[in-house]
Each structure stands twice: as C-alpha cells, then as structure tokens.
Amino acid sequence: MAERDRPHIVVPTPPATESFTPISLAVTPKGGGFGGNRPAHGLRLTGEFESAFTQSDHDGENKGTYITFVSFPGLELAIESLESHRSGEQPELVAVQEEQNADGVVIIATVFIPDGKKEFFLKKLEQYVATAEVETGKPKNAALIEGIASIRLATIRQLWTDPADEFPALQTQLRWWEVWLRKSDGKEHERLADYAGQQNLRTSDHYLGFGDRIVLLVQASAEQLSRMFRTIDDIAELRRPHEVSSFLPNISASEQADWVRELQGRVEHAELGSPVVCILDRGVQAGHPLLEESFASSDLHAVESGWRADVAIWSHGTEMAGLALYGDVQAAVASNQQVRLGHRLESVKLLPDTAENDPDVYGAVTARAVDQPEITAPERSRVFMLAITAPAAPASSGANAQDRPKQESGRPTAWSATIDALAFGRAIDDTSPKFTYLNRDEAPRPRIFVISAGNIRDVRAEDDHLDRSDAEAVEDPSQSWNALTVGAYAEHDAMDHALDIFEGYVPVAPRGELSPTSRTSVSFDQKRWPFKPEVVAPGGNLARSPAGTEVDTPENLAILTTRMQRPGEGYFTTSRDTSAATAQVAAIASDIRAAYPHLRAETVRALIVHSAEWTDAMRARVEGVSTKKEAVNLLRRYGMGVPSLDRATRSAANALTLVDEAVIHPYERDGNSSSGTAREMNLHKLPWPIAELSALGETKVLLRVTLSYFVEPNPSSRGWTGRYVYPSHGLRFAMKRPEDSVDAFRQRVNKQAREDGQKPLKLNAEKGWLFGRDQQTSTGSLHTDIWRGSAVDLASKEAVAVYPVTGWWKNRPKLDQSDRGVNYSLVVSIEAPEVEVDLWTPVSQQISTVIQV
C-alpha cells in the first residue's frame with residue numbers, strides 16, 4: 001500500500017434533492033386471523049372493561065384509571081389505537097411489555113384513562129359489536145379489538161418494563177426504583193416529592209426531564225410503591241436503576257522517574273484552544289508530570305460544587321488520562337522520536353469520592369457533567385469520553401452466561417437516551433440544582449461521545465471466551481445509538497516478560513482476538529437495536545493457569561499508562577479492558593478534530609469506524625462465514641475492527657477517501673394530518689476516477705461506504721413501533737449498480753422517479769457486498785458496508801442515494817423537526833491494493849476545494 005501522504009477529499013457540491021416515495025415491500029403479517037365468535041368476543045371485552053373501572057380504588061390526587069390490554073399470543077396489538085391524539089387530557093399509552101409464553105409472544109399495553117374519557121374505548125367496543133352482528137366483512141375497529149385477549153385493571157406490575165424476572169419477588173423489601181412520570185401540568189415531580197416526604201421515602205439527588213417524561217429514583221418497597229400508584233396518577237413506567245461500576249486496578253508498578261524525564265523532553269504539548277478529550281470519570285490527578293502541561297486549572301470540573309475538582313482519590317481517571325492524551329503510552333515511552341500532541345484534556349468528576357454512593361439518575365448527572373466544561377469554554381472542540389458503565393441486568397451466578405435465560409438486551413435506558421439526546425445536540429437546561437431538562441427548542445449542536453462497552457468481571461477458566469462474550473451484552477449506557485462504543489481486543493499473547501509467578505500460564509485469547517472481558521451485541525434483538533461495539537482497541541489479555549483452573553491478569557498482557565501518584569509510588573501503571581480501549585479511541589477522535597476542525601461530529605464518528613480494519617484473527621473469521629447472518633453476528637462482536645488515526649485522516653494515491661456532508665428533510669404531511677410521509681431523497685453523484693478504474697479492468701478493488709447521522713431519542717417503553725419507535729428518523733444508503741444508468745438507479749430506489757406503470761428491470765441481489773441487505777435494513781444511526789469486485793465494475797458505481805425510513809417524527813407532527821433538516825455524513829473510499837495507481841489526483845482535479853490538514 002502506498003504511503004498515506006494526502007488529505008481526504010471533502011466533496012464541496014451538495015447532492016441533488018428530489019421528492020421521494022419509498023418502494024413498498026410486501027410484508028407478511030404476524031400470527032393468524034381472528035377465529036372466534038366476534039359479537040361474543042366484543043361483549044366479553046366490554047364486560048371486562050367495565051369491571052376494571054368498578055374495581056378501581058384510586059384516591060388522593062388521582063384523576064384517572066390505569067387499564068391494561070393483553071394481546072392474544074402471536075398476534076399484534078394495535079397499540080397506537082389505544083390512545084387519542086387529540087389535544088387536552090386524553091387516554092395515553094404509558095407502558096408496553098412483551099412476555100413469551102408457550103404459545104408465542106404476548107403484548108401487554110397499559111393506558112392511563114382520565115376521568116370522563118371512558119367512552120373513548122366503550123364506543124370502539126360498541127361499534128365493533130354492532131357491526132359484527134350485521135356485517136359479513138370485518139367489523140369496525142377489528143384491527144384493535146380482535147388483537148385483545150383480555151382487559152384488566154393495571155397494577156404496578158404492568159408498569160414494569162424491564163425483564164419480567166427482575167421484578168422484586170418480595171413485596172416488603174426496600175429497594176430503589178427508576179420511576180418515569182407522565183409530563184402533564186409541570187407539577188409531576190412536586191406531587192411525587194410531597195408524597196415521598198409524607199411517607200418518609202427517599203428520592204434521588206437528581207432528576208431528568210426530556211420529551212414527555214421525567215425520570216427520578218425512589219427508594220420504596222413494592223407495597224409502598226403500590227400505595228403511591230393508587231394516590232398519584234403521574235407514573236408511566238417503572239424500571240430497575242443501574243448502579244455504576246468503577247474499575248479500581250490493584251496492579252503495582254516500579255518507579256520510572258528517568259523514563260518520565262526522558263519523555264517529557266520529547267513531548268510537544270498542544271496549544272491552548274486545541275481540541276480536547278473531556279474525561280467523565282472520578283477525577284484526574286492533573287499534576288502528573290506527563291499530564292500537567294495538557295491541563296489548565298480551569299478545565300477541572302465536578303458535577304457538584306461541594307466536590308474537589310482538583311483532587312482525585314480514585315486512580316481510574318488518571319489512568320484514562322494518559323491513554324486519552326498519548327493514545328499508545330508504551331509507544332511514546334519506547335520511542336526516541338518527538339511526540340507532538342494534537343489535543344489537550346479536560347476532566348469532570350462524575351461521581352463522589354466516597355467508596356459507596358446511592359444510586360442516582362445518571363442521565364441527569366451526565367448532562368450536568370457535560371454542561372460544566374461547555375459553560376467554561378462553549379466554543380471549544382471536544383470529545384466526551386465515558387468509561388464508567390452499569391450492568392444492563394443483575395449479575396447472575398452459577399451457570400455459564402450462555403446457559404442463562406435469554407433476556408431482551410439493547411433496550412434504551414434513561415442514561416443511554418440522555419447520551420443520545422446530548423449527542424444529537426439538545427441543549428442542557430438546569431432549571432434547578434437537582435432538575436435537568438434537555439431542551440429541544442434550540443437548534444441542535446451535536447456532540448461526540450466515546451463510551452466503553454463494559455467488561456465481563458467474572459471470567460472463568462472453563463469459559464469459551466468468545467461464546468461468553470457473545471452472550472454478555474454491552475453495559476448501560478453503551479447501547480446508545482449516537483455514541484461510539486468501544487470494545488477491547490488482545491494485542492499481545494506472548495508470556496516472555498511475565499513475572500515468575502506466571503510461569504506456565506497461557507494467554508486466554510490469541511493475539512488479535514477479542515479480549516476475554518469485552519462485551520458485544522450478538523444477544524441483542526437485531527431487528528430493533530444497533531450493532532455495538534462499532535470498533536475495538538487494545539485492552540489487554542488474561543492468562544489461564546497451568547492447571548486450567550484459574551485466570552489472572554499478568555502485567556505484560558496489560559496496557560501501560562499513567563499512574564496516580566502516591567508517596568513512594570511510581571509514575572506508570574497498567575490498565576486494561578474496554579476502559580483502556582475507549583481512552584485510546586477518544587484520543588483518535590480528538591486528533592481527527594484537530595486535523596479537520598470544520599468537520600461535523602457525525603463525520604468524526606464515521607471516519608473512526610471507516611478507518612477500522614479487522615486483525616488477521618478477526619478477518620479469518622469474517623472471511624470464513626457462509627451466510628450474511630453469520631457476518632452480521634461477527635460485526636456485533638468485533639464492530640468494524642481496529643481504528644487507525646492514519647487511515648482516518650490521510651488518503652494515499654491508491655487509497656482515496658471522499659467525505660460528503662449533507663442535509664436532508666425526512667418527512668412531510670398534508671395539511672393537519674397526523675401521519676407523515678417521506679419527503680425527499682438525496683442523490684450524490686460523486687467525483688469518481690472512472691477512466692483510471694476502467695483501465696485497471698478485472699483488477700480486484702475494494703469499496704467502502706459509511707453513513708453516519710444522529711437521532712433524537714424516544715426512550716419511553718411504549719412498544720417501540722409507530723409513534724413510539726426509538727429514533728426520530730432513520731436514513732439508509734443505496735449505491736448504483738454497474739449495469740444501471742443513473743436514471744435506472746433512481747427508479748430502482750425512488751417510486752416517484754418512475755413514469756406511470758413503469759417498473760425497473762428485475763435483478764438478483766448485487767454480489768460483492770459483505771453485509772448487503774442485512775446491514776442496510778438494520779437499525780442504528782451508523783450504517784457501513786464493504787464491496788469487493790473488479791475495477792471496471794467499480795468505475796460505474798459513482799452514485800449513492802440517501803433516503804429516509806421510519807421514525808417517530810413522522811407520526812408526531814407537533815414534535816417533527818424535519819423542516820430544520822438533519823445532518824448526515826457519507827464517507828466513501830476506494831482502494832486498489834494490488835497495483836500502483838493514482839486515483840487521488842484525478843478526483844482532486846474534479847473538485848474546486850481540497851481541505852488541507
């Protein structure tokens with residue numbers, strides 16, 4: 001491969017925009033049709049509905065009743081028909097659960113019905129019964145009524161939207177609950193706080209508001225919470241709060257003062273005003289000699305004013321700082337070359353210095369942490385790095401992870417949704433010392449978040465470490481759609497320099513494989529939740545004892561970094577796992593911001609993922625798969641591989657990268673209609689080395705495409721469909737096939753590009769794509785794929801279409817911000833590794849501007 005000595009080419013011309021209608025695909029409905037006695041079914045449900053209201057015993061300030069609707073197994077429940085979309089107090093869908101029984105999936109939807117609105121459902125039931133008795137076709141409201149198996153009065157159990165087996169078994173056991181409140185008159189938190197005070201119930205220090213929900217924690221027994229539920233009617237959902245974990249290494253390191261002095265003499269620190277990595281952790285010892293010149297005293301912050309921002313008690317933040325600043329500390333120490341740093345550091349103490357702390361609304365805490373440096377330096381270019389995570393489900397014991405009952409993982413939480421809202425660019429409105437509201441009135445200002453995937457903390461010698469990692473889902477909040485999630489891989493597997501106590505130990509993971517502690521998204525519902533991690537970075541390895549009964553953490557398999565200094569201790573230590581990996585990727589992100597200061601946050605994320613390559617060990621598995629499903633599972637294990645600052649910032653003569661930043665308006669609607677439609681498609685006719693590729697004939701080349709954008713979250717658990725899908729909007733890309741003209745390509749993607757009755761030539765799925773349709777139809781806010789084929793075919797693939805798919809903006813007109821437009825970034829690269837050819841120069845000559853690094 002030629003030297004990467006040229007900047008990427010930023011496409012200066014906007015894409016061509018055209019009105020868009022998607023090509024509809026035939027969808028097979030789930031389950032069978034209704035086969036019972038329709039009038040009898042309607043009358044039974046009417047009786048159950050009336051009985052539920054009769055049983056209601058609410059008191060206090062309650063002004064309505066919670067009713068639960070249960071579907072038939074395997075049948076869809078028309079959940080959007082369970083509420084009214086008119087203004088004023090109307091029936092509101094508050095929570096949707098899915099439970100698996102022997103006959104299939106049962107959907108359980110709970111609706112809050114204000115006093116006086118009972119007729120909304122009774123009328124639907126009466127119309128169904130009346131038309132069922134006189135008509136031979138489908139009765140009125142059949143889509144809703146025939147999916148309902150039963151109706152009953154709701155309890156707090158029906159508001160629990162975490163996995164069913166996590167609901168507290170003991171009614172009297174005191175525990176913390178994450179309580180989601182319906183936003184109605186602005187006094188929701190006040191009512192709950194007053195009630196909690198009267199009943200001597202504790203609440204969290206912070207609470208969070210975004211969209212139509214407010215989130216806080218309450219410490220109570222299930223019995224006490226049931227009484228609260230009967231007294232105030234603001235509760236929408238209940239979830240399990242997530243307790244954060246801190247990585248507190250216990251590994252010693254000898255004094256290396258001479259190394260420090262030698263490295264200090266070679267380091268050129270970045271100037272004030274340079275991009276920064278903002279470390280959200282437990283504080284950093286900014287006075288460390290390898291860090292102090294990259295910290296300003298004004299760049300040390302704490303979430304609470306009473307905490308010492310300039311004092312670090314725990315070591316984790318200081319270890320992260322070394323890797324976030326230098327990237328590879330080992331390489332910097334071992335080198336004799338000048339080290340020029342392109343970015344600086346900030347620190348925000350996210351958690352108190354105490355060893356134990358009460359659970360909190362970590363979404364609100366994180367938003368406040370983000371707010372601190374933005375107030376101090378609002379225009380600074382920064383990357384937020386978070387290597388503190390919370391288990392997505394309670395720790396299990398006994399059986400191997402792969403033998404445990406499968407629970408839905410990947411679901412958004414208040415914390416992950418806050419990360420998504422902040423990344424999307426929502427403003428932070430600290431309306432009180434304890435209440436944080438994510439304001440959507442202002443134009444978004446996107447942010448970059450780099451988050452660790454979380455670690456497996458109980459690796460056992462008998463585990464197959466890849467099976468174990470595939471079974472263990474990434475931790476909260478790394479399931480965030482907009483964040484860049486980082487896993488870890490084992491860079492080394494040699495025991496040559498291990499201490500004598502590790503004689504005979506064998507590394508668990510071969511060199512280049514996934515680290516034994518790294519988590520994945522293989523266990524996610526892949527139709528609903530995105531692939532995580534997107535990339536992996538060095539995170540160390542574990543070693544198995546000679547007897548094969550224990551695993552340990554030899555220093556020689558870990559990652560060198562800066563040590564928090566205590567009297568008599570040295571300057572270096574080792575770190576490991578996804579925390580260490582995340583800090584190194586955050587350094588890459590900040591250096592990209594330094595190299596290309598005007599590129600968007602969405603583009604920086606795209607360049608990191610686009611630059612990633614699989615190690616030899618990973619590639620052998622990816623290239624050995626027989627189905628695209630297997631390839632997608634490996635994507636959910638490794639992401640796209642190991643990112644490279646060199647590839648992320650530089651092109652070569654025969655390895656060209658194009659960066660195209662654009663805006664699209666996803667949806668529109670006619671008049672006052674609540675249901676929107678797709679508005680437009682963007683057609684990117686890229687500057688393309690057509691002659692040079694054609695001349696290469698059948699030479700094998702590689703094409704890579706990455707589409708990156710940020711979504712606005714909708715985190716309440718109301719079925720994740722229709723009005724309540726998680727993302728505000730979705731985008732996808734399609735690329736012109738070699739046999740298509742540009743017009744034929746448009747007609748294949750956009751129904752409005754066709755003349756009346758015209759249909760494009762039917763073709764089989766295009767060969768050469770690694771993931772193909774499985775990746776294009778997947779969820780998330782980043783989509784990437786790799787095509788391999790002949791250069792002459794690639795010469796005719798110069799056009800890319802970007803178009804909208806479904807999102808909650810589409811069906812919620814008052815909240816739809818399509819008119820503002822949404823940003824996205826398209827990164828396309830061409831590589832001809834087998835030949836020496838200049839693809840970069842002819843493309844650069846086709847455009848008017850090349851951004852210089």
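Throughout what follows, the structure given in this document is the object of discussion. Predicted model only: the values in this text are computed from it and were never measured.

## Comments concerning the overall build of the protein chain
(1) Moving on: On a plain count of helices and strands, the protein chain comes out with 22 helices and 38 strands.
(2) Moving on: In terms of overall dimensions, the protein chain is globule-like: its C-alpha atoms have a radius of gyration of 28 Å, near the 29 Å expected for 853 residues.
(3) Moving on: C-alpha atoms of the protein chain, sized along the principal axes, occupy 85 × 70 × 55 Å.
(4) Moving on: When the 853 residues of the protein chain are sorted by exposure, 60% land in the buried category.
(5) Moving on: Within the protein chain, contacts between residues separated by at least 24 positions form 82% of all contacts whose residues are at least 6 apart in sequence.
(6) Moving on: With 91 positive and 118 negative side-chain charges, the protein chain shows a spacing of 5 Å between the two charge centroids.

## Quick notes on helix α6 (residues 222-231)
Along an α-helix, residues three or four positions apart point the same way, because every turn accommodates 3.6 residues.
(1) Moving on: Along α6, the residues that are buried comprise A222, L225, S226, M228, F229 and T231.
(2) Moving on: Buried positions along α6 lie against β4 (64-71), α4 (156-159), β8 (175-182), α5 (188-198), β11 (213-220) and β12 (235-239).

## Topic: the packing of helix α10 (residues 362-376) against helix α11 (residues 414-424)
(1) Moving on: In the contact formed by α10 and α11, the axes pass within 7 Å of each other and the chain directions differ by 30°. By the criterion of interaxial angle, the relationship of α10 to α11 is roughly parallel. Of the residues in α11, those in contact with Y362, G363, T366, A367 and V370 of α10 are A414, W415, T418, I419 and L422.
(2) Moving on: Within the contact of α10 with α11, the residues separate by chemical class into 7 nonpolar, 3 polar and no charged.

## Focus: the sheet that holds strand β30 (residues 655-664)
(1) Moving on: Pairing is mixed in the open sheet, where 5 strands are placed in the order β2-β30-β38-β34-β36. The open sheet is flanked by β2 (9-10) and β36 (782-790), the only strands paired with a single partner.
(2) Moving on: By the bridge criterion, 2 bridges tie β2 to β30 in an arrangement that is parallel. Within β30, the residue paired with I9 across the bridge is L658.

## Notes on unusual backbone geometry
(1) Moving on: Between D476 and the following residue, P477, the backbone shows a cis peptide bond with an omega angle of 10°.
(2) Moving on: Take P477: it is sitting in the loop between α12 (465-471) and β22 (484-489).
(3) Moving on: P533 follows K532 through a cis peptide bond whose omega is -5°.
(4) Moving on: The residue N141 is not glycine, and still its phi comes out positive at about 65°.
(5) Moving on: Turning to its location among the elements, N141 is positioned in the loop between α2 (119-134) and α3 (142-145).
(6) Moving on: One non-glycine residue, N200, lies in the positive phi region at around 60°.
(7) Moving on: For N200, the location among the structural elements is in the loop between α5 and β9 (202-203).

## Focus: the sheet that holds strand β26 (residues 551-552)
(1) Moving on: Pairing is antiparallel across the open sheet formed by 3 strands, whose spatial order is β23-β25-β26. Every interior strand has two partners, whereas the edge strands, β23 (506-507) and β26, have only one.
(2) Moving on: Of the pairings in the sheet, the one linking strand β25 (residues 543-544) to β26 comprises 2 bridges and is antiparallel in character. Bridge pairing in β26 links A543 to D552.

## Topic: the pattern of salt bridges
(1) Moving on: Enumeration over the complete set of coordinates arrives at 55 salt bridges.
(2) Moving on: Here the salt bridges share partners, and the residues they tie into one network are R457, D458, R460, E462, D463, R468, E472, E475 and R519.

## As for the packing of helix α15 (residues 616-623) against helix α16 (residues 628-638)
(1) Moving on: Where α15 meets α16, the closest approach of the two axes is 9 Å, and the angle between their N-to-C directions is 160°. As judged from the angle between their axes, α15 and α16 are roughly antiparallel. Contacts from M618, R621 and V622 of α15 reach α16 at L634, R637 and Y638.
(2) Moving on: For the contact of α15 with α16, the per-class residue count stands at 4 nonpolar, no polar and 2 charged.

## Some words on the environment of P689
(1) Moving on: Assignment of secondary structure puts P689 in the loop between β33 (680-685) and α18 (690-696).
(2) Moving on: Separated by 154 residues in sequence, P689 and V843 place their C-alpha atoms 5.8 Å apart.
(3) Moving on: In contact with P689, other than residues within four places in its own chain, are I830, L839, P842, V843 and Q846.

Calculation criteria
Residues numbered from 1 in each chain as written. Predicted model: local features only at pLDDT ≥ 70, side-chain atom pairs only at ≥ 80, totals over all residues. Heavy atoms only, no water. Helix = DSSP H or I, 4+ residues; strand = E, 2+ residues; numbered from the N terminus. Rg over C-alpha atoms; globule rule 2.2 N^0.38 Å. Buried < 20%, exposed > 50% of the residue type's maximum accessible area, 1.4 Å probe, protein only. Contact = heavy atoms within 4.5 Å. Lys, Arg positive; Asp, Glu negative; His and termini not counted. Charge placed at Lys NZ, Arg CZ, Asp CG, Glu CD. Axes fitted to C-alpha atoms, helices over the stretch in contact; angles between N-to-C directions. Parallel < 35°, antiparallel > 145°, perpendicular 65-115°, else oblique. Nonpolar A, V, L, I, M, F, W, Y, C, P; charged D, E, K, R; others polar. Pairing = 2+ DSSP bridges. Salt bridge = Lys/Arg side-chain N within 4 Å of Asp/Glu carboxyl O.

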